[in-house]
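Analysis of the macromolecular model
Spelled out, the chains give:
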Amino acid sequence: QVELVESGGGLVQAGGSLGLSCAQSGRTFRSNAMGWFRQAPGKGREFVATISWNGGRTYYADSVKGRFTISRDNGKNTVYLQMNSLKPEDTAVYYCAAGLNAGTRSYDYDYWGQGTQVTVSS
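This is a predicted model, so every value here is computed, not measured. (Residues numbered from 1 in each chain as written. Predicted model: local features only at pLDDT ≥ 70, side-chain atom pairs only at ≥ 80, totals over all residues. Heavy atoms only, no water.)

**Considerations on the side chain of N32**
Put simply, the test is: Each helix corresponds to a stretch of at least 4 residues labelled H or I by DSSP, and each strand to a stretch of at least 2 residues labelled E; elements are numbered beginning at the N terminus. Polar contact criterion, stated in full: a pair of N or O atoms within 3.5 Å, where within protein one must be able to donate a hydrogen and the other to accept it, and residues adjacent in sequence count only if both atoms are side-chain atoms. Only heavy atoms enter the contact rule, under which two residues are in contact if any of them lie within 4.5 Å.
Locating N32 in the fold gives a position in the loop between β3 (18-25) and β4 (33-39). Only 3.0 Å separates the side chain of N32 from the side chain of Q24, close enough to count as a polar contact. Residues in contact with N32, not counting those within four places in the same chain, are Q24, R27, W53, R72, A98 and G99.

This is the structure in structure tokens:
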């Protein structure tokens, strides 16, 4: 079984930065691709970013490209999402996910964290 625990959410002003972490326990972390998704109130879950098992490939949603950076540390079983130049429309619950393939759809991932709230004030 795989457990994912996100941390680092909070309240930040527009233009500010925030870093999220997601620690995995259970199955070998380095065998998983990792992704970040988000869900704003009243909206569906939206792809944010993904990273391959060795960090060699990353992919971002157009809405966050150039502002967000996904990275991972396989020695610490942790994936990160650095968010810069935050906008009010980035407000959402952010989820990390683990799967075999670094895809952009929810069904590409088998395991999900509980989510962490990010609120960006204008």
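**Examining the environment of D108**
We apply this condition: Relative accessible area decides the class of each residue, using a 1.4 Å probe on protein chains only: under 20% of the type maximum gives buried, over 50% gives exposed, and in between gives partly exposed.
Position of D108 among the secondary structure elements: in the loop between β9 (92-99) and β10 (111-112). Overall, the relative accessible area of 15% leaves D108 in the buried class. Sequence-wise, D108 and S85 are 23 residues apart; in three dimensions their C-alpha atoms are separated by 28 Å. When residues no more than four places from it in sequence are discounted, the contact partners of D108 are G99, L100, N101 and G103.

**Re the pairing of β9**
Here is the key point about a regular strand: its side chains alternate between the two faces of the sheet. As a reminder of what qualifies: Strand pairing follows a simple DSSP-based rule, namely that at least 2 bridges must link the two strands.
Among the eight residues that make up β9, seven are buried, leaving the element largely enclosed by the rest of the structure. Relative to β9, β4 is paired through seven bridges, and the arrangement is antiparallel. Bridging across to β9, G35 finds its partner in A97. Pairing geometry for β9 and strand β11 (residues 116-121), over three bridges, is antiparallel.

**Digging into the nonpolar core**
Let me state the cut-off plainly: Throughout this description, the term nonpolar core refers to a set of buried Ala, Val, Leu, Ile, Met, Phe, Trp, Tyr and Cys residues connected via side-chain atoms within 4.5 Å.
By size, the foremost hydrophobic cluster in this structure holds 32 residues, and its most contacted members are W36, L81, M83 and Y94. Where this core is concerned, the elements lending two or more residues are β3, β4, β5 (45-51), β7 (68-73), β8 (78-83), β9 and β11. In terms of residues, this core owes the most to one element, β9, which gives five residues. The residues touching M83, leaving out its near neighbours within four places in the chain, are G16, S17, L18, L20, R67, F68, Y94 and V118.

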